[in-house]
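# A structural walkthrough
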Amino acid sequence: MVEVIIAVREPGRMKPDWLAPFDLPEIPAVGSYITINHPGERAPWGEEMVVKRIWWQLFSPLTGEQNGEPTTTAEARGSVRQIIVLCEAAVGPYSTKGWRRAHEGKTGIHAFEVSRFAWESGKESPIQSRIAKRLMQWRNPSPRKPKPKDETES
């Protein structure tokens, strides 16, 4: 897991409206859609946003006095201090009523380019089954069998 700080702001503003730490399986890519669900909200409803920037805050033990000399020692290796995922508020298919009221119609607010769909762990709808089957066929294409020759052809 990667520890990141999600910072959410409205488009055109510099200061985030709020920040919160999260443990994620990977760092979201710029353009990713994120929905954050809070206690008391029925999943999957929540606050929706689009990732705009990734801000890496790094530490280097080097002092800048190396005069261009390459350093490869373990003591010279830097580390990550923080990873901040800068997001802008958006309106999506799972926005809560309050989130939608607060942001819908405002200048610069992004609307998700996707429609609502349901995907419950352990339960598949017929469309989910078809999607899963197509994905499996795409990942593991079966070899094409040659057509049987017609015996009258020779």
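Computed from a prediction, not measured in an experiment: that's the story for all the values here.

Turning to the pairing of strand β4 (residues 47-59), a few remarks are in order. Two strands pair when backbone bridges link them, and strand β3 (residues 33-36) and β4 are joined in this way by 4 bridges, in the antiparallel orientation. Looking across to β4, one finds that I34 is bridged to M49. Here β4 runs beside strand β5 (residues 79-91); their pairing, made up of 11 bridges, is antiparallel. Counterpart to W56 in the pairing with β5 is I83.

With respect to the helices and strands, the residue W99 is situated in helix α1 (residues 97-103). W99 sits 54 residues away from W45 along the chain, and the two C-alpha atoms are 9.8 Å apart. In contact with W99, other than residues within four places in its own chain, are V8, G46, E47, E48, A89 and A90. At 3.2 Å, the side chain of W99 and the backbone oxygen of E48 are in polar contact.

Our next topic: the side chain of E48. Considering the arrangement of structural elements, one finds E48 in strand β4. Here E48 is buried and forms no salt bridge, its nearest opposite-charge partner R100 lying at an N-O distance of 5.2 Å. At a separation of 2.8 Å, a polar atom in the side chain of E48 contacts the side chain of T35. Those residues in contact with E48, other than ones at most four positions away along the chain, are I34, T35, A89, A90, V91, G92, P93, Y94, S95, W99 and F112.

Overall, the coordinates contain 1 aromatic pair when judged by the stated rule. When the ring of W45 is compared with that of Y94, the centres are 5.7 Å apart and the planes differ by 65 degrees; the resulting orientation is edge-to-face. On the criterion of sequence distance, the pair formed by W45 in the loop between β3 and β4 and Y94 in the loop between β5 and α1 is long-range, its members being 49 residues apart. Judged by relative accessible area, Y94 falls into the buried class, the value being 14%.

The next point concerns a nonpolar patch on the surface. Taken together, W56, L58 and V80 make up a surface patch of nonpolar side chains, about 320 Å² in accessible area. Within the secondary structure layout, L58 lies in strand β4. For L58, a relative accessible area of 57% gives the class exposed.

In this model, the chain carries an average pLDDT of 80, and 68% of its residues clear a pLDDT of 70 or more. Of all helices and strands in the chain, the one with the weakest mean pLDDT is helix α2 (residues 126-139) (58), whereas strand β1 (residues 2-9) scores best (96).

Its location among the elements puts K106 in the loop between α1 and β6 (110-111). Measuring from C-alpha to C-alpha, the distance between K106 and A90 comes to 9.9 Å, with 16 residues separating the pair along the chain.

What counts and what doesn't
- Residues numbered from 1 in each chain as written.
- Predicted model: local features only at pLDDT ≥ 70, side-chain atom pairs only at ≥ 80, totals over all residues.
- Heavy atoms only, no water.
- Pairing = 2+ DSSP bridges.
- Helix = DSSP H or I, 4+ residues; strand = E, 2+ residues; numbered from the N terminus.
- Contact = heavy atoms within 4.5 Å.
- Polar contact = N/O pair within 3.5 Å; in protein donor to acceptor, adjacent residues only side chain to side chain.
- Buried < 20%, exposed > 50% of the residue type's maximum accessible area, 1.4 Å probe, protein only.
- Lys, Arg positive; Asp, Glu negative; His and termini not counted.
- Salt bridge = Lys/Arg side-chain N within 4 Å of Asp/Glu carboxyl O.
- Phe/Tyr/Trp six-rings, centres within 6.5 Å; stacked < 30°, edge-to-face > 60°.
- Patch = residues over 30% accessible without salt bridge, like charges linked within 9 Å, V, L, I, M, F, W, Y side chains within 5 Å.
- Areas by Shrake-Rupley, 256 points an atom, 1.4 Å probe, with all protein chains shown as cover.
- pLDDT = per-residue confidence, 0-100.

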